[in-house]
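Given next are the chains, with one letter for each unit.
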Amino acid sequence: MANIDPGKVITALEEVLGERSGSEEHFPLHEPYFAGNEWAYVKECLDTAWVSSIGSYVDLFEERIAEIFGVNRAICTVNGTAALHIALLMAGVSEGDEVIVPALTFVASANAIAYCRAVPHFIDSEWATLGLDPDALADWLSQIAIEGDDGTINRKTGRRIAAVIPMHTFGHPVRMTRLLEVADKWQIPVVEDAAESLGSKLGGKPLGGRGLIGATSFNGNKIVTTGGGGAVLTNDEDLAKRAKHLTTTAKQPHKWHFYHDETGFNYRLPNINSALGCAQLEQVPAFLDAKRRLAETYADAFRNVDGVRFFREPYGAESNYWLNCLVLDNPIDLGPLLELTNATGIGTRPCWTLMNKLPMYRNCPTSSLPIATDIASRVVNIPSSATLGLRLQEKT
Ligand SMILES: *Cc1c(COP(=O)(O)O)cnc(C)c1O
């Protein structure tokens, strides 16, 4: 295991990012880019006063999202966490259930489970994809699960295992074919967290629609942004109708009566945000090209740097390279590298704290997590904005 020379890592980063003109210039981890019709579409909302929860951009945005994720229906929501909450409810997750989720994820995946008054049940990840390991899941289920009358039961806790959430870490696709096989064997619905994987492909097809239902995010740091926003994704027309109903206060359509037939949510994405989203989605092909160019340039720059490698997309998959990352040979190099890069204006950060280490999820059921622990101790995210790739393309 070679140790890194932080100076050499910074030199390699600068080779890709370009020299910083002064100490003030900063390369954030991920910044949005508005170079298309954003101003025009948002201005139209302001000019017509259609800024709030209904409007033509909401409908148009939902159509465009469905196209890009390769699903029949998309229902946009106020953020990705809300979309995931609704997706879990649609999958039938309810109070006292357990939902399997990787320990290595953003907190929203676990929080959405808790919002259903269900319990997260953590599973290990794998190095090839940085996502949930379907084989580890198969082994774990064969140890702890039994078939019950209304589904698969965790025999240690007696709770029903109501869903499994694969999450495509930093845009790298989970091995979905194998996962679907395992989930199918145990009759566990798959709820895809596609928050980080807009534009990523597996077998030439987008992610988000392989399970029963999925969710994505349009937060400010994601591939495209609506300021804040998200969407529920599904091929099931009935689930889509119910998701739309539940996210729009469960109001029955009527010219003047306010009649709500259950406790719904106000999870609607405003028209003004949807307008921004429509303009952003038009630029997805350009963003993806730029991000791929950036990733390839990083891969070249780090080819001969000791003690570190650039993480490449899994074999057979096409990643959107949402967040690029370096993998260090030695976990003890992480702290000094984070200090030095951030101090010199290069935005870097470690993986999320594993969910089972957070106070509210400390006592939740978990498999052993050797790989997730290893990944979290050796992965560092580096600047990944599409703008950086666009700049590289301009140079040649
Ligand atoms: C961004 C993200 C979400 C949703 O986040 P919001 O900020 O609520 O849009 C969910 N899961 C993962 C893994 C994410 O990265």
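All values derive from a computational prediction rather than experimental measurement. (Residues numbered from 1 in each chain as written. Predicted model: local features only at pLDDT ≥ 70, side-chain atom pairs only at ≥ 80, totals over all residues. Heavy atoms only, no water.)

**Let's talk about helix 6 (residues 134-144)**
Quick note on the threshold: Summary of the burial criterion: residues with accessible area below 20% of their type's maximum are buried, those above 50% are exposed, and those between are partly exposed, where the area comes from a 1.4 Å probe applied to protein chains only. The numbering of helices and of strands both runs from the N terminus, where a helix is a DSSP run of H or I of at least 4 residues and a strand a run of E of at least 2. Should any heavy atoms of two residues lie within 4.5 Å, those residues are considered in contact. Residues adjacent in sequence count toward polar contacts only when both atoms are side-chain atoms; beyond that, a polar contact is any pair of N or O atoms within 3.5 Å, and within protein one must be able to donate a hydrogen and the other to accept it.
Turning to helix 6, its buried residues number three or more, namely Pro134, Leu137, Ala138, Trp140, Leu141 and Ile144. For helix 6, the secondary structure elements touched by its buried residues are strand 2 (98-102), strand 3 (119-123), strand 4 (145-148), strand 5 (151-154), strand 6 (161-164) and helix 7 (176-185). The N-cap of helix 6, judged by a side-chain oxygen 2.9 Å from the amide nitrogen of Asp135 a few residues on, is Asp133.

**Notes on the packing of helix 10 (residues 284-301) against helix 13 (residues 386-395)**
Keep this limit in mind: Between the N-to-C directions of two axes lies an angle of 0 to 180 degrees, each axis being a line fitted to C-alpha atoms and, for a helix, fitted only over the stretch in contact. Note on angle classes: values under 35 degrees are labelled roughly parallel, values over 145 roughly antiparallel, values of 65 to 115 roughly perpendicular, and the remainder oblique. Residues were grouped as follows: Ala, Val, Leu, Ile, Met, Phe, Trp, Tyr, Cys and Pro as nonpolar; Asp, Glu, Lys and Arg as charged; and all remaining residues, including Gly, as polar.
The contact between helix 10 and helix 13 brings their axes to 7 Å, and the two run at 75°. On the basis of the axis angle, helix 10 is roughly perpendicular to helix 13. Side by side, helix 10 and helix 13 meet where Ala286, Phe287, Asp289, Ala290, Lys291, Arg293, Leu294 and Thr297 of the first sit next to Ala386, Leu388, Gly389, Leu390, Leu392 and Gln393 of the second. Of the residues contributing to the contact of helix 10 with helix 13, the split by class is eight nonpolar, three polar and three charged.

**Quick notes on the pairing of strand 1 (residues 73-77)**
This is how the line gets drawn: Whether two strands pair depends on DSSP finding at least two bridges between them.
Of all five residues in strand 1, four are buried, a share of seventy percent or more. Sheet analysis places strand 1 next to strand 11 (residues 230-234), joined by five bridges and oriented antiparallel. Within strand 11, the position partnered with Thr77 by the bridge is Gly230.

**Quick look at the UniProt feature "active site" (unreviewed entry) in the protein chain**
Let me state the cut-off plainly: UniProt positions are given in the numbering used here, feature names are shortened, and annotations may be inferred rather than shown by experiment.
Here, UniProt's "active site" (unreviewed entry) annotation points to Lys222. Beyond its immediate sequence surroundings of up to four residues, Lys222 is in contact with His30, Ala195, Glu196, Ser217 and Trp322.

**Some points on the sheet that holds strand 12 (residues 308-310)**
The strands that make up a sheet are held in pairs by hydrogen bonds between backbone atoms, and each pair lies either parallel or antiparallel. An order of 12-14-16-15 is seen for the four strands of this open sheet, with the pairing classed as antiparallel. Pairing within the sheet leaves two strands with one partner each, and these edge strands are strand 12 and strand 15 (349-350). As paired elements, strand 15 and strand 16 (residues 379-382) share two bridges and run antiparallel to each other. Bridging across to strand 16, Pro350 finds its partner in Val380.

**Considering the environment of Ile272**
Residue placement: Ile272 occurs in helix 9 (residues 271-281). Look at Ile272 and you get partly exposed, because its relative accessible area is 25%. In the structure, Ile272 is positioned 46 residues away from Thr226 in sequence and 8.6 Å away in space, judged by C-alpha atoms. Contact partners of Ile272, with chain neighbours within four places excluded, come to Val42, Cys45, Leu46 and Val51.

**Observations regarding the UniProt feature "modified residue: N6-(pyridoxal phosphate)lysine" (unreviewed entry) in the protein chain**
With numbering aligned to this structure, UniProt lists the feature "modified residue: N6-(pyridoxal phosphate)lysine" (unreviewed entry) at Lys222. Of note, Lys222 is situated in the loop between strand 10 (213-217) and strand 11.

**A few points about the pattern of salt bridges**
We count it as follows: By convention in these notes, a salt bridge is any Lys or Arg side-chain nitrogen within 4 Å of a carboxyl oxygen on Asp or Glu.
Counted under the stated rule, the structure contains 15 salt bridges. As a salt-bridge pair, Glu126 and Arg175 come within 3.0 Å of each other at their nearest N and O atoms. Within this pair, whereas Glu126 is found in the loop between strand 3 and helix 6, its partner Arg175 is found in the loop between strand 6 and helix 7, the two being separated by 49 residues in sequence. Here Glu126 falls in the buried class, since its relative accessible area comes to 10%.

**Digging into the domain arrangement of the protein chain**
Test applied: Residue ranges assigned to each domain were obtained from an automatic or database domain assignment. Throughout, buried area stands for the accessible area (probe radius 1.4 Å) lost by two parts on being put together, summed over both.
Structurally, the protein chain comprises domain 1 (6-33 + 284-395) and domain 2 (38-281). Here the C-alpha centre of domain 2 lies 25 Å away from the C-alpha centre of domain 1. Taken together, the 46 residues of domain 1 in the interface contact 49 residues of domain 2. For the pairing of domain 1 and domain 2, the buried interface totals around 3,800 Å² over both sides, and the portion due to carbon and sulfur atoms is 68%. On inspection of domain 1 and its partner domain 2, the count reaches zero salt bridges.

**So, the sheet that holds strand 8 (residues 201-202)**
As summarised here, the arrangement of the three strands in space is 9-8-13, forming an open sheet in which the pairing is antiparallel. Of all the strands in the sheet, the pair left with one neighbour each is strand 9 (205-206) and strand 13 (317-318). In this structure, strand 8 lies alongside strand 13, joined through two bridges in antiparallel fashion. From the neighbouring strand, Leu202 faces strand 13, where its bridge partner is Ala317.

**Considerations on the nonpolar core**
We apply this condition: By convention a nonpolar core is built from buried Ala, Val, Leu, Ile, Met, Phe, Trp, Tyr and Cys residues, the set being connected through side-chain atoms within 4.5 Å.
Ranked by internal contacts, the top residues of the largest apolar core, which has 83 residues, are Ile65, Leu88, Phe170 and Val191. Considering every element that reaches this core, the biggest residue donor is helix 4 (residues 80-90), with seven residues. Inspection of this core shows a minimum of three residues originating in each of domain 1 (6-33 + 284-395) and domain 2 (38-281). With 28 residues, the next largest nonpolar core counts Leu328, Leu334, Ile346 and Val380 among its residues.

**Some remarks on the packing of aromatic side chains**
Under the convention used in this document: We call Phe, Tyr and Trp rings a pair once their centres come within 6.5 Å, taking the six-membered ring for Trp, and we label the pair stacked below 30 degrees between planes, edge-to-face above 60, and tilted otherwise. Any Lys NZ or Arg CZ that is within 6 Å of a ring centre and within 35 degrees of that ring's normal is treated as a charge sitting over the ring.
One pass over the full model with this rule turns up nine aromatic pairs. With centroids separated by 4.8 Å and ring planes inclined at 25°, the aromatic side chains of Phe265 and Tyr267 adopt a geometry described as stacked. Judged by relative accessible area, Phe265 falls into the partly exposed class, the value being 23%. Put simply, the rings of Tyr298, Phe302, Phe310 and Tyr321 pair up and form one aromatic cluster. The lysine or arginine in question, Lys251, covers the ring of Phe258, its NZ or CZ lying 5.2 Å from the ring centre.

**Comments concerning the state of the cysteines**
We apply this condition: Any two cysteine sulfur atoms lying within 2.5 Å of each other are counted as a disulfide.
This model, assessed by the stated rule, comprises zero disulfides. Here Cys45 is not disulfide-linked; the sulfur of Cys278 is the nearest cysteine sulfur, at 8.9 Å. Residue classification places Cys45 among the buried positions, given a relative accessible area of 1%. In this model Cys364 remains outside any disulfide bridge; the closest cysteine sulfur is found in Cys116, 14 Å from its own.

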